[in-house]
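Listed below are the residues making up each chain.
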Amino acid sequence: MGVGRRFNLTYPTAAVLLAIRSGHRYGFDIMDATGLPDGTVYPILRRLERRGVLAGRWESEERARAEQRPQRRYYALTPVGEASMEEVVERFPALPRLFGSIDSATDPA
Amino acid sequence: MTEPAHPHPPGFDLIARAARLVPVHRRDAWRREWEAEVAWAWRRLRRDGPPTTLAVLRLRVRAASCLIDALWEKKETMTMTGLLNDLRHAMRGLIRYPTFTGIAVLTLALGIGANTAVFTLVDGVLLSPLPFDSADELVAIRHSGREGRDQLPMSTGLYLFYREHARSLDEIGLYASTARNLVSDGESERIPIQVVTPGFFRVLRVGAAQGRTFTEDEGVPGGEDVAVISDGLWESRFARDPSILDRSLDLGGRLYRVVGVMPPDFGYPDREARLWIPFPIDPTQAPLAAFGSGGVARLAGGQTVETLDGELRGLIGRLAEYFPDSGAPAFLAEVNLQPRVRPLKEELVGDMSRTLWIILGTVGFVLLIACANVANLLLVRAEGRQRELALRVAVGAGRAQVLRTFMSESAALAGAGTLLGIAIAWIALKLALGAVPADLPRVDEIGLDLRVLSFTGVLAAGCALFFGFFPLLRYGADDLGTQLRDGAAHGSTGGQGRHRLRNGLVVAQMALALVLLVGSGLMLRSFQALRATDPGFQAEGILTARVTVPTAEIEGDEETAAFFRVLREQLAGQPGVESVGLGSAAPLASGLPYYNVTVEDHPREEGELPIFANHNPVSPGYFETLGISLLEGRTFEPGDGASGRRVAVVGRSFAEQWWPDASPIGRRVNAGPGEWFEIVGVVDDVHFQEIGQVSDELVYWPTTQGEAEDPQSTRSMDVLLRTGLDPLTLVPVLRREVQALNPRIPVSNPRTMASVVGAATSRTSFTMSLLGAASGVALLLGLVGIYGVISYVVSQRTREIGVRMALGATAHSVRRMVVRQGLTLAAAGVGLGLIAAGALSSVIASLLYGVSAMDPITYASVAVGLVVVSLAASWIPASRAAGVDPSRALRSE
């Protein structure tokens, strides 16, 4: 499934996808990881979710309760999203180096 | 970890506010997600002691970006399910203002309902094709003669001539209407009968549902007497008896074998048709000039009405070559015979189409007025919503979004109005179809169908665009921004333009209402003129019914004449009967035969066109009963007749045409073989065929004509009874007396002469009442418009009025000021309306009778009336303005 058919692969979109693949899964984390302006990240997430590239889920209740805060919503790549990563890397070969390895601290499991 | 979560992390208030922009079904989840992110960030910030102001500000800014996300959500949902959502939202908004919504929906429903109903009529009668195969190939053929005489439809001679020579014709059929007594099971009923050539059914491409139609050899003299019956007759008289085929029917004493039953929806030439018998035409003896039948034909492939008309014109020019010995050249020279080929639909619909288009135009006006009213209401409402709208613009809603808000509201209104309107149309049609004029053709084809509903749909969409557009014009997004900045709360900025728009709408409404009122005023005057027309006879207190003597019952002419004579004498002796008369036709009730009459002192040369006249054989007492004035001489007396005193009476116009300077008394006329009939009397003209028109060329004969030794008696007569009682109470008396003489002779169609006259004015009264209803609604809506605008202006100017009064203005002067404003609007509307009505007057002119389309009395009274009621409509708000308490008005700001 080619990315181009599902969405416009711009630099911010590629950055968001790469950030998620490297483990930054929450909205604010992605903002921090990508350094994109605050107002741009959420619309990208919404669009990718609606196109079936990302899937949003609520984190486990226990974890949120333990920290006495509301449940956060995290985003993960769908199989479609995984498949499109190749094209992302191809189009923006320098980008993956900007993101660190998977950050287990933010793993929602 | 033990410290409780901060009750209000920074930005929660913003999130809550922005959430309102998010579509409802996403709102909760959206808000939870943002709050969770901010709460998490807030925890992290405070994990290592109190956060710095900069960090808090940083979080606040990040939280504020939720507004962008919210707007994105809104935009995205709107493009996907937006319309439905907007509509839902709009409906909720409308339900909250039931009065506004109720008035708007009702106004629209009236307009849309009226248009749907009238369009249904127009569509059924004018637009939809006739229910025949390839109906656009069907044409009607008639002829016109000198002085545009229209009484020359088709003759048997021309039928044969065209059939043989016209190449543009695929097939031609001839039909004539008559009536016979159908006797079955001892019950006699006079039924309408169509005499048709075998080609008639082939032209229409209609076959029998059972059995067959006619064959060629049944259409010549000596052919078998066969009949085809309608589905309705089969049902009513024979209970759908399956063995109907081959049964013999007694029609006026002659037996006809049933060979076919037509399909249920077939009724041509008119829907009264119940039985068809063959038209026997002898090719060797078909008269060229016996114009008494209708012609219907199908065009050959590729031919048009024009080509056929041209061909027939050419053929008629050469008629003399084909019929050298028939007197055709002289006939043609005198009559100036011209074919008139028209599409069959046009022929059937006739001049009803103009009436229908005018009515459709009328209700179109009503809808425009209704829309203008709703637009005005929406403008008022939009004014109350300025703040809400301005806020939307402030948070980034573009012009397009504000447009959607207005449009969805308009669409919701139009939708509700349409549903109610369709219901109104449905009911109106049910009622109206009972009241349409008898001559409205194709009534049975009328109904609410998909075509009509799509018309209504387009109409509704047009309305929604129309009145959704006006508020937008005033409250486009750019404007709103300005208004918010300038403090729109006072509703005073931009007021000038807004008032101009609303004033313009009211002026337009008044102008349209005036046009309609003028139209209905003219129709009312026509109706009055028609009612006031002296038709030449007195209709009140007269009962009429038709009595026909079949040869099977009474064969001889002497006996038939005796039957009618005895019947007249018997009826004259009945209590309550003041006078009795019989005639082959009563005015406006039955048709008169039109053929040649010979006048002794105006002989016609061989081949010269004969003198034509309408012939009406009548009994003694006919003129007296109908109150037709005798101008000279005497009327008929017992003993007048073919074998008695051979005398005749003529109408005034006939007398003036042939003896302009002398008395016709003593002159002699005849309409057939035998000795002359001497004119003994002249009676006043009668409006015989149409209520609005004198029938000239009328000759009255005694009820027996022909030779003295072999008198021909009239067999079918309209009996007229004058009484001081309710005429209908004499119906049983008439039936009883006829039955006493012969129980198998039927009395048909008893009715009062007043109802006959009423039917003759039905089209005018129908048009008048429809126009009247439409203009009534228009007037009401126009007044609501004026009232609304003036009320609103008063409420907006309360403060100003208070100041004026505090400065010494009197209640009187305030009232005058407000009323003047209303009157200015009304006067502008009236002025414009008068111009428009004058321009449109030619449209209605052909429907008028006895009144000019520019009738000054109608125009003046409507204009004055409209100004007066507008005065009343502005008086109420003006009085409210005059009652303003200055101190209160000033404090309220």
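Residues numbered from 1 in each chain as written. Chains lettered and ligands numbered in written order. Predicted model: local features only at pLDDT ≥ 70, side-chain atom pairs only at ≥ 80, totals over all residues. Heavy atoms only, no water.

## Examining the confidence of the model for chain A
Residue and element names in this part refer to chain A.
Reasoning step 1: Confidence in the prediction of chain A, expressed as mean pLDDT, is 80, and 83% of residues score 70 or more.
Reasoning step 2: The weakest mean pLDDT in chain A belongs to helix H1 (residues 3-6) at 49; the strongest belongs to strand E2 (residues 73-77) at 92.
Reasoning step 3: The model gives residues 101-109 a pLDDT under 50, and that stretch makes 20 contacts with residues more than four places away or in other chains. (pLDDT = per-residue confidence, 0-100. Helix = DSSP H or I, 4+ residues; strand = E, 2+ residues; numbered from the N terminus. Contact = heavy atoms within 4.5 Å.)

## Regarding the state of the cysteines
Reasoning step 1: Scanning the model with the defined rule gives zero disulfides over all chains in all.
Reasoning step 2: Of the cysteine sulfurs around Cys463(B), a residue in no disulfide, the closest is that of Cys371(B), at 3.4 Å. (Disulfide = S-S within 2.5 Å.)

## Here's the deal with the packing of aromatic side chains
Residues and elements named next belong to chain B.
Reasoning step 1: Per the counting criterion, the structure on display carries 21 aromatic pairs over all chains.
Reasoning step 2: Plain terms: the ring middles of Phe563 and Phe564 are 5.3 Å apart, the flat faces sit at 75° to each other, and that makes the pair edge-to-face.
Reasoning step 3: On the basis of relative accessibility, which here comes to 6%, the residue Phe563 falls in the buried class.
Reasoning step 4: Taking the relative accessible area as the measure of exposure, Phe564 reaches 5% and is therefore buried.
Reasoning step 5: Judged by centre distance (6.3 Å) and plane angle (50°), the ring pair of Tyr622 and Tyr700 falls under tilted. Residue Tyr622 is found in helix H20 (residues 622-626), and its partner Tyr700 is found in strand E22 (residues 698-701); the two are separated by 78 residues along the sequence. (Phe/Tyr/Trp six-rings, centres within 6.5 Å; stacked < 30°, edge-to-face > 60°. Buried < 20%, exposed > 50% of the residue type's maximum accessible area, 1.4 Å probe, protein only.)

## Comments concerning the nonpolar core
Reasoning step 1: Counting residues in each nonpolar core, the largest one holds 46 residues, and the members touching the most others are Ile141(B), Leu158(B), Tyr162(B), Ile229(B) and Leu275(B).
Reasoning step 2: Leu158(B) has contacts with His143(B), Leu288(B), Phe291(B), Leu319(B) and Leu337(B), leaving out every residue within four places of it along the chain.
Reasoning step 3: In terms of nonpolar packing, the next biggest core, distinct from the first, is built from 43 residues, Leu17(A), Met31(A), Val38(B) and Ala63(B) among them. (Core = buried A, V, L, I, M, F, W, Y, C linked by side-chain atoms within 4.5 Å.)

## Re the sheet that holds strand E13 (residues 577-583) of chain B
Residues and elements named next belong to chain B.
Reasoning step 1: If you trace the four strands from one edge of the open sheet to the other, you get E13-E25-E12-E26, paired in antiparallel fashion. One side of each edge strand has no neighbouring strand; the edge strands of this open sheet are E13 and strand E26 (747-752). Here the average twist between neighbouring strands, direction ignored, is 20°.
Reasoning step 2: Strand direction decides the pairing type here: strand E12 (residues 542-548) and strand E25 (residues 716-723), joined by seven bridges, are antiparallel. Paired with Leu543 across the strands is Leu721, a residue of E25. (Pairing = 2+ DSSP bridges. Axes fitted to C-alpha atoms, helices over the stretch in contact; angles between N-to-C directions.)

## A word on the packing of helix H3 (residues 27-34) of chain A against helix H4 (residues 38-50) of chain A
Helix-helix packing: each pair is described by the crossing angle between the helix axes and the interaxial distance.
Residues and elements named next belong to chain A.
Reasoning step 1: Where H3 contacts H4, the two axes come as close as 10 Å, and the packing angle between them is 125°. The angle between the axes of H3 and H4 places the two elements in the oblique class. For the crossing formed where H3 meets H4, the hand is right-handed. Residues Gly27, Phe28, Ile30, Met31 and Thr34 of H3 pack against Asp38, Val41, Tyr42 and Leu45 of H4.
Reasoning step 2: Here the residues of the contact of H3 with H4 are counted per class, giving six nonpolar, two polar and one charged. (Parallel < 35°, antiparallel > 145°, perpendicular 65-115°, else oblique. Left-handed = near helix turned anticlockwise from the far one by under 90°. Nonpolar A, V, L, I, M, F, W, Y, C, P; charged D, E, K, R; others polar.)

## A short note on the pattern of salt bridges
Reasoning step 1: For the structure on display, the rule yields 45 salt bridges over all chains.
Reasoning step 2: Taking the shortest distance from any N to any O, the salt bridge between Asp246(B) and Arg257(B) comes out at 2.5 Å. Pair noted here: Asp246(B) is in the loop between helix H8 (231-238) and strand E7 (248-251) and Arg257(B) is in strand E8 (residues 254-261), with a separation of eleven residues, a long-range link.
Reasoning step 3: The residue Arg736(B) makes a salt bridge to Glu737(B) at a minimum N-O spacing of 3.5 Å.
Reasoning step 4: For Arg736(B), a relative accessible area of 46% translates into the label partly exposed.
Reasoning step 5: A relative accessible area of 10% places Glu737(B) in the buried class.
Reasoning step 6: Several salt bridges share partner residues, and in doing so they unite Arg46(A), Glu49(A), Arg50(A), Arg73(A), Arg26(B), Glu33(B), Asp69(B) and Glu73(B) into one network. (Salt bridge = Lys/Arg side-chain N within 4 Å of Asp/Glu carboxyl O.)

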